[in-house]
Structure formats: C-alpha cells, structure tokens
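Per-entry structural report
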Amino acid sequence: PELQDLAGKLAGARVLMTAGPTLEDIDPVRYVGNRSSGKMGFALAAAAVAAGAEVTLVAGPVQLATPAGVRRLDVRSALEMHQAVFRELPGQDIYIGAAAVADYRPAEPMNCKRKKSGDEWQLRLTLNPDILADVAARDDRPFVVGFAAETNDVEKHARDKLQRKRLDMIAANQVGLPHCGFESCDNALSVFWPGGGEDIGLGDKQTVARRLLQLIAEQWSAR
Ligand code: CTP
Ligand code: CA
C-alpha cells in the first residue's frame, strides 16, 4: 500500500505506542536484554503519523531516528516503560504495544560491578508487570493492539493472548525464521481480532507496518 492510502484514516486520533527492547540491569556494566531492533514499532509510528494521528512513542534503547512528527519518550527498563505508558495513557484513543518487553528482571540489581568469583553464577529473576495486559484491564481503556512473538503454533498462541489479555487486536510474527522478524528488515505478520484475521505477507517493515496500520484503523473505526 502507498502512503496515500493511509491519509486521514486516523485523523485526530491519539495513539500511544511502545517499541524496541527493554534492558534489565544486572549491575552497572551488564544487563538482560533481547534482540528487538525496534524497526517494526518505529515504522508503525511513522505510518500512524501518515494516517493523521497524534503519536507518542515510548521507546526502549534503540539506534533509530525518531520518525518526523512523533513525540518520543526514551526509557530503558520494563518498569520505566510501564511508568511512562501509564503517565501518558489518559486521553489516548489507541494503544499499540510493539515493544519486546523483558518478561523478567534481575531480582537484586547491584550498584557495583559484580566481581568474577566461583565456577557458577546463579542469577535470580523476578516477573515484570505486563504493560499491555495492565492497559487492557482498565475500565477507560483505549483500543488495544498487542504483538506476539512466537516460534511455533502462531495462531493458537496469538489467539490465546488476544483472549487472555482482553485485546482488540494482535499481530503475530514468527521469530527464529531466516528473513523474518527480530533483527531483520523483512517481516510477515498474522493479524487476529475477535471474529476475524488477516495475513500480511512477507515485505519490508515499512510496507507491513502500513498494512497493519490500515487494519488497526478499520477495526478501530468499526469498534
Ligand atoms: N508485553 C508487555 N509487558 C510485558 C510482556 C509483554 O506489554 N511484561 C506485551 C508486548 O509488548 C506484546 C505482547 O505483550 O505486545 C506479547 O508479548 P509476548 O512476549 O509475545 O507475550 P507474553 O505475554 O510475554 O508471553 P510469552 O513471552 O510467554 O510468549
Ligand atoms: Ca514475553
């Protein structure tokens, strides 16, 4: 789809998004992280601007230029992202959780560098809040779109997340395939909503993001 196809589709809507990984500090020199590049989320933010939305992007640590017209707030950890999202949430029409939020963080982060000692290091991790599920659980919730990164049984896992987290829409990508998903420029998505779905075939992240944004705009208007 060309950029023009998006024009006006989200005119005046306020969109809050997350993108990128979160990094969970172990000590001042080490962290637990993941391979998210943030490219899909940033492409989606650009598409939302092209559709006429007012876009706030809460971004984990990524090396990407801010798309024109996007208000960007940088965070590092899942707890920081959770805080920024809930501060920005009032008055938003659509929430898109594109970030690869770390499920766990070090239970006892250290203020000083941990010195090498012994043959083993057992790192204890503790569960992070689920930002997406917390947004969707609110009474005055916006239209909520989640992502799902799966290596297998994509539709089953994605539909399960759609229901369990009470989402309006979920975009699933199969990770671990060559040319697909994390760290790569091409992507393919399977999108599901209650009572429907659509596959977005392999394409560059710009093209895939624009098609996804069209689907979001359609479902949001029909809500
Ligand atoms: N997500 C979130 N906060 C978390 C974990 C995930 O907001 N602490 C969001 C992601 O931004 C994404 C969606 O939840 O939109 C699904 O992430 P995913 O990792 O696929 O699902 P999980 O529920 O964490 O389940 P699992 O990792 O076991 O597949
Ligand atoms: Ca997860």
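In the block above lies the structure referred to throughout.
Residues numbered from 1 in each chain as written. Chains lettered and ligands numbered in written order. Predicted model: local features only at pLDDT ≥ 70, side-chain atom pairs only at ≥ 80, totals over all residues. Heavy atoms only, no water.

**Digging into the coordination of the calcium ion (ligand 2)**
Where we set the bar: A 2.8 Å cut-off from the metal defines N, O and S donors, relaxed to 3.2 Å for Na, K and Ca; water is not in the atom list, so some sites may appear incomplete. Only runs of H or I of at least four residues qualify as helices and only runs of E of at least two qualify as strands under DSSP, and these elements are numbered from the N terminus.
Coordination of the calcium ion (ligand 2) by the protein comes from D103 (OD) and D103 (OD), over a distance range of 2.5 Å. In this fold, D103 is placed in the loop between β6 (94–97) and β7 (104–106).

**Description of helix α2 (residues 78–88)**
So the rule is basically this: With a 1.4 Å probe rolled over the protein chains alone, any residue whose accessible area is under 20% of its type maximum counts as buried; one over 50% counts as exposed, and the rest are partly exposed. In what follows, residue pairs with any heavy atoms lying within 4.5 Å of each other are defined as contacts.
Burial in α2 covers these residues: A78, M81, H82, A84, V85 and E88. On its buried side, α2 packs onto β1 (14–19), β2 (24–27), β4 (54–59), β5 (71–74), β6 and α3 (131–136).

**Things to note about the site of ligand 1**
Using the following cut-off: Any residue with a heavy atom lying within 4 Å of a molecule or strand is counted as near it. Within 3.5 Å is the distance limit for a polar contact, defined as a pair of N or O atoms, with the added protein rule that one can donate a hydrogen and the other accept it, and that residues adjacent in sequence qualify only through two side-chain atoms. A 1.4 Å probe and the Shrake-Rupley method give the accessible areas. Residues count as covered only by the protein chains that appear here. Amino acids outside the nonpolar list (Ala, Val, Leu, Ile, Met, Phe, Trp, Tyr, Cys, Pro) and the charged list (Asp, Glu, Lys, Arg) are all regarded as polar, and Gly is one of them.
For ligand 1, the set of nearby residues contains 14 residues, the closest of which are G97, A99, F147, K161 and K165. Between ligand 1 and A149, the relevant distance is 3.3 Å, taken from an oxygen atom to a main-chain nitrogen or oxygen of the residue. Protein contacts shield 77% of the accessible area of ligand 1, which totals 570 Å² for the unbound molecule. Of all the elements in the fold, those that place two or more residues in the shell around ligand 1 are α3 and β9 (143–150). In terms of residue count, β9 provides more of the shell around ligand 1 than any other element does, four residues in total. Here the shell around ligand 1 is built from residues that sort into eight nonpolar, two polar and four charged.

**Focus on the pattern of salt bridges**
How we decide: Salt bridge, as used here, is a side-chain nitrogen of Lys or Arg placed within 4 Å of a carboxyl oxygen of Asp or Glu.
Scanning the entire structure with this criterion turns up 14 salt bridges. In this structure, the salt-bridge partner of E150 is K161, at a minimum N-O distance of 2.6 Å. Highlighted residues: E150 in strand β9 and K161 in helix α4 (residues 154–164), separated in sequence by 11 residues. Of the two residues examined, E150 and K161, each falls in the buried class. Across the pair E155 and R159 runs a salt bridge, and its minimum N-O distance is 3.1 Å. Of this pair, E155 and R159 both sit in helix α4, four residues apart, which is roughly one turn of that helix. Bridged by salt links that share partners, the residues R71, R87 and E88 form one connected network.

**A look at the side chain of T18**
If you trace the backbone, T18 turns up in strand β1. With residues up to four places along the chain from it excluded, the contact list for T18 reads L57, V58, M81, V85, Y95, I96, G97, A98 and A99.

**Some points on the sheet that holds β5**
Put simply, the rule is: Pairing between strands is defined by DSSP: at least two bridges between them are needed. Simply put, an axis is a line fit to the C-alpha atoms, just over the touching stretch for a helix, and the angle between two N-to-C directions goes from 0 to 180 degrees.
With mixed pairing, the eight strands of this open sheet are ordered in space as β5-β4-β1-β6-β9-β10-β11-β12. Looking along the sheet, the strands with just one partner apiece sit at the ends: β5 and β12 (196–204). On average, adjacent strands in this sheet sit at an angle of 15° to one another, irrespective of strand direction. Looking at chain direction, β4 and β5 are connected through four bridges and run parallel. Its bridge partner lying in β5, L57 is registered against R72. Against the sheet, helix α1 (residues 39–50) engages β1, β4, β5, β6, β9 and β11 (186–193), with an angle of about 165° to β4. Here helix α5 (residues 205–221) sits on the sheet and contacts β6, β9, β10 (169–174), β11 and β12; the angle it forms with β12, its principal contact strand, is near 160°.

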